[in-house]
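What follows is each chain in one-letter form.
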Amino acid sequence: MNEFPTAADPLRLYEQLLLIRAYENAIVQGSTDGRIPGTCTSVGQEAAAVGAINALTADDLILTNHRSAGHLLARGADPGRLLAEVMGRRDGYCKGRSGSLHISVKELGVVLTTTIVGGELSLAPGVALAQTMQGRPGIVACFFGDGAACEGSFHESLNLAALWNLPVLYICENNQWQAFVHRREAMSREHVSDWGAGYGIPVQTVDGNDVFAVLEATRNAATQVRDTRRPVLLEVLTYRTRGHFEPDDQGYVDKAELAAWLARDPIALCRDRLIGAGQLSLTADAELIARVDARIATAVAFASASPFPSIEELTLDVYA
Amino acid sequence: MPTLPLNDAIGLALAEEMRRDNKVIAFGEGIATKRHELVTEFGALRVRNTPLAEGIIAGTAVGAAAGGLRPVADLLFAPFLCYAMDELVNSAGKLRYMSGGQFSFPLVALAMTGAGWGVGAQHNHNVEAWFVHSPGLKVVMPSNPADARALLKAAIRDDNPVVFLLDIGLLYQPGEVPTDAVPIPLGQASTVRAGTDVSLISYGKTVHHCAQAAESLAAEGIAAEVIDLRSLKPLDEAAILATARKTGRVVVVHEANRLCGVGAEIAALIAEQAFACLKTPVVRLGGPDAPVPSSFPLEQATVPQADAIAAAARQLCASHRPLTYPPMENSKCALPH
């Protein structure tokens, strides 16, 4: 098992935020000229991913969804292999068969990524049941959005996890958007956590753009799941500052709302905090940014040089 | 040889596999109630009732399978699988491939289907072809207690997701079940009756209708061969082609809607690979493109019965394909004439 960045070194968290943003920007840039396929980016949501993932242990399993780059990179995935997967290349984590939407990395504990909205919720109790019945210590962290919370699978999943005492940490990244529909148009309640409480599950809501707040809240929630072997729901409030899928002109987005969230950019918030606390100098910041940019440049070069899978592989791995 | 109804043969297979491998668990809509002897032997953690929520039952089976268990999920009636389609088709069937082979899904989804109880179209819908059409899934539909037990044992041991369909009309029909407990490999058809004049290919309860038809045909001097496919994916193509080449006349029979049913695939397979051996066109008998009604006579009318099967076979044996081209030399045809 790899070594995971579970230490809460603030500079390390900050560097992860930078890495995710640089990775997503490289994809956005590459998709404008056709070098890289468009994806569902996690721009604006980096702190939600970094804070939550760093609160987990190496034993824990993660289920995620189509907007997964933040979770994967924070867990230690190699950006070159991720990009190779996005580009359909042989060196991708899934041999190029997934593309960006369903990347799983078993060796990192990122299992059963699905892009069916709510799919991860339907699978999480079973993964947790397997952990429990085989006496494994790790809990299951299931990442989903406010859109998935409107699927029936959310409600079925919470009910069963509560009923069977399954160690699932439900992490709802409420990014305010369900594809092209604002959550206000789709949800009968203001918060997803309101629904969780209805199943008798402990819930908490946290500012998802403050990486330190997310880290602390997730640590507390994960500890509660570990200690009680019962589910907990954490709702992380954030904002998808780019479109649903690249390219997207976001003509449907309320400009004032977007501006308000951009003013609370998670990376800028973290940087200001670190500089204010004397933990980061402007020089060190520039060095970090340069290091991350170089890493992404290397990743793009690696992925671009990776060959496509051979046609003979078309029907491999369909059956065990 | 002991005699058991098919439903009890299923219980026997579950108990045998749970005894053999502690990773095998069973949960579903009333399984702990209906098969309480399993709870007694294996405990309430390995045998569980669930909410009546097919999506999460199937999803939990998929997640548990990927996590190292071998779940058997009882989803009651096949039309309820509509609620479990995403979990079975999009997750169980696809995530192995899409992840580059990182995960396996050794699970069995059990469901009942077919005519016999007059339960109507929302409890009786033979949907096996949907799952045959879905990559990554295997599909099994036994016709008797001995096969049901041996096939379920193989399905539980298989590392792939298996949709295991139980014919309602056969559930309480007794049959001999051997004392040995050897699994039947999935993808192996059985020859129920050997014959040389016409092949009757089927699965599920219509295998018995084919056998009855063969009996009456024999009295008329027509030797019908009856093939029970047992598993629909993998499909025993070799057995299908062998019987087609042997008799040159084929009737494919199933209870499911004929339109895009499994019979269409079988007819196409024979047309593509054994055309030169055919003396007549392949005939398909199946249900109509209509929801199955509850009224008993109407329900029975959706199922190909022995008389209709015998009539179709008789007609094939009476007719000969007009030879519009010189006869082909084809050594694969067992009885060229």
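Residue numbers restart at each chain and count upward from 1, following the sequence in its written direction. Here chains are named by letter from A upward and ligands by number from 1 upward, in the order in which they appear as written. Totals for whole chains, interfaces and linings use every residue, but because this is a predicted model, local features are given only for residues with pLDDT of at least 70 and side-chain atom pairs only at 80 or more, for both listing and counting. With hydrogens and water set aside, each side-chain value is computed from the structure's full complement of heavy atoms.

Turning next to the sheet that holds strand β2 (residues 24-28) of chain B. Within a sheet, neighbouring strands are paired by backbone hydrogen bonds and run either parallel or antiparallel to one another. Residue and element names in this part refer to chain B. Think of it this way: DSSP has to see at least two bridges between two strands before they count as a pair. In this description a helix means any DSSP run of H or I spanning at least four residues, a strand means any run of E spanning at least two, and both kinds are numbered starting from the N terminus. The seven strands are arranged β3-β2-β4-β5-β7-β6-β12 in an open sheet whose pairing can be described as mixed. Edge positions in the sheet fall to β3 (47-49) and β12 (231-233), since each has one partner strand and no second. Looking at each pair of strands side by side, their axes are set apart by 20° on average, direction ignored. Here strand β6 (residues 138-140) pairs with strand β7 (residues 162-167) via three bridges, running parallel. Bridge pairing links V139 to V163 in β7. Working convention: axes come from line fits to C-alpha atoms, limited for helices to the stretch in contact. Angles between N-to-C directions cover 0 to 180 degrees.

What follows covers the confidence of the model for chain B. Each residue gets a pLDDT score, which is the predictor's confidence in that residue and runs from 0 to 100. Per-residue pLDDT for chain B has a mean of 95; in total, 95% of the residues score no lower than 70. The contact rule is simple, with two residues in contact once any of their heavy atoms fall within 4.5 Å. With pLDDT under 50 throughout, residues 325-331 of chain B is counted as low confidence; its partners more than four residues away or in other chains account for three contacts.

Residues and elements named next belong to chain B. Read across the open sheet, the five strands follow the order β9-β11-β10-β13-β14; overall the sheet is mixed. Among the strands making up the open sheet, the edge pair consists of β9 (190-193) and β14 (283-287). Recorded for the sheet is a direction-independent mean angle of 25° between the axes of neighbouring strands. One ladder, built from four bridges, connects strand β13 (residues 250-257) with β14; its direction is parallel. Among the inter-strand pairings, N257 is bridged to a residue of β14, identified as G287. Each of β9, β10 (198-202), β11 (224-228) and β13 is contacted by helix α9 (residues 206-219), which is oriented at about 170° to β11, the strand it contacts most.

Glancing now at the nonpolar core. We call a set of buried residues a nonpolar core when its members are Ala, Val, Leu, Ile, Met, Phe, Trp, Tyr or Cys and they connect through side-chain atoms within 4.5 Å of each other. Relative accessible area decides the class of each residue, using a 1.4 Å probe on protein chains only: under 20% of the type maximum gives buried, over 50% gives exposed, and in between gives partly exposed. Of all hydrophobic cores here, the largest spans 83 residues; its most connected members are A:F144 and B:L81. Here this core gathers at least three residues from each of two domains, domain 1 (3-176) and domain 2 (190-318) of chain B. Setting aside residues no more than four positions away along its own chain, A:F144 makes contact with A:N65, A:E120, A:L121, A:A149, A:F154, A:Y170, A:I171, A:C172, A:E173, A:V192 and A:L233. Formed by 62 residues, the second largest nonpolar core is a distinct cluster that contains A:L73, A:V225, A:V236 and A:L274. In this entry, domain limits derive from an automatic or database-based domain assignment.

With that out of the way, let us pick up the pairing of strand β5 (residues 108-113) of chain B. All names here are of chain B. Burial analysis of β5 places six of its six residues in the buried class, the great majority of the element. Of the two faces of β5, the one lined by V108, L110 and M112 and the one lined by A109, A111 and T113 are each fully buried. Here four bridges tie strand β4 (residues 70-77) to β5, and the two strands are oriented parallel to one another. Bridge assignment links V72 to a residue of β5, and that residue is V108.

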